[in-house]
Amino acid sequence: MRARDLMTSPVITVQPWTSAKEAAGLLATHGFTALPVVDDDECLIGIVTEPDLIRGRIPVDARFTREHDEAVAMGKTVGDLMTSPATAMSTGTDVADLCQALIDARIRAMPIVDGSAVVGIVTRGDIVRVLAREDSAIARDVKHRLEIYGGSGRWAIDVHDGNVHIADQFDDDSDRHVARLLALAVPGVVTADTAYAGEGQTR
């Protein structure tokens, strides 16, 4: 599965002169966690996140005193608050690599670019939703792909918790290898294995 299969597109972007309040409104309205920041040519130049927008913007309760409070300079625009440059990945990035990047960088959203133009975004929530797909929906998609490749009536598909088992009526190692790769490309599939239905041998 590639980033293009999972990304939200078109993506809502902001520009450096967008106000912090407007950016916060976009996040709140759409349930986003981050917004890519683009220049006049729609090229990615940064990203602004929920922590960027809330840091230092809630006044201290005047009824309580704190001995070591320090003044925080609050940015008024996205350009004041954004992280730049922003990490991004291409539409052809393997989603497994994208997941690892989100984990390693401890970020919640990854802009997806074509060249330097932002074409989508993938969030950790998007990936969790894919993993939560119903087994019946996964089985339907796997069956559809395999029927296009090898014809109908040939494949028996069983899915349990995203783990796919494919039984092939024909004894053809090459076709079963392709079938496994096709299954692994279906959103929600965690693992896939194949077997010749006549012998039940896992390949």
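Just so it is clear, the model here is predicted, and its values are computed rather than measured.

Chemist: I'm lost on the overall build of the protein chain in this one. Help?
Modeler: The number of helices and strands found in the protein chain is 8 helices and 9 strands. Expressed as lengths along the three principal axes of its C-alpha atoms, the size of the protein chain is roughly 75 × 40 × 25 Å. A total of 203 residues make up the protein chain; the buried ones form 35% of that total. Considering only contacts in the protein chain between residues 6 or more positions apart, those separated by 24 or more positions represent 57%. Accessible surface computed for the protein chain: about 12,100 Å², of which carbon and sulfur atoms make up 51%. Within the protein chain, the 31 negative side-chain charges are centred at a point lying 4 Å from the centre of the 20 positive side-chain charges.

Chemist: Whenever I open this one, the pairing of strand β7 (residues 163–168) confuses me. Can you help?
Modeler: For a regular strand, side chains alternate in direction, first toward one face of the sheet and then toward the other. Strand direction decides the pairing type here: strand β6 (residues 155–160) and β7, joined by 6 bridges, are antiparallel. Across the sheet, H160 pairs through a bridge with N163, a residue of β7. Bridge count for β7 against strand β8 (residues 191–196) is 6 bridges, and the pairing is parallel. Note on β8: the bridge partner recorded for A167 is A195. Of the crossover connections in this fold, the one passing from β7 over helix α8 (residues 173–184) to the parallel β8 is right-handed.

Chemist: Looking at this model, I keep getting lost on the pattern of salt bridges. Mind explaining?
Modeler: A pair can form between side chains of opposite charge whenever their charged atoms are brought close. Under the criterion given, the structure shown has 9 salt bridges. Its salt-bridge partner being R55, residue D52 comes within 3.6 Å of it at the nearest N-O pair. Taking relative accessible area as the criterion, R55 reaches 52% and is therefore assigned exposed. Close ionic contact of R176 with D168 constitutes a salt bridge, the shortest N to O distance being 3.8 Å. Like D168, R176 is buried. By sharing partners, the salt bridges in this structure join R154, D168, D171, D173, D175 and R176 into a single network.

What counts and how
- Residues numbered from 1 in each chain as written.
- Predicted model: local features only at pLDDT ≥ 70, side-chain atom pairs only at ≥ 80, totals over all residues.
- Heavy atoms only, no water.
- Helix = DSSP H or I, 4+ residues; strand = E, 2+ residues; numbered from the N terminus.
- Buried < 20%, exposed > 50% of the residue type's maximum accessible area, 1.4 Å probe, protein only.
- Contact = heavy atoms within 4.5 Å.
- Areas by Shrake-Rupley, 256 points an atom, 1.4 Å probe, with all protein chains shown as cover.
- Lys, Arg positive; Asp, Glu negative; His and termini not counted.
- Charge placed at Lys NZ, Arg CZ, Asp CG, Glu CD.
- Pairing = 2+ DSSP bridges.
- Right-handed = clockwise from strand over helix to strand, strands pointing away.
- Salt bridge = Lys/Arg side-chain N within 4 Å of Asp/Glu carboxyl O.

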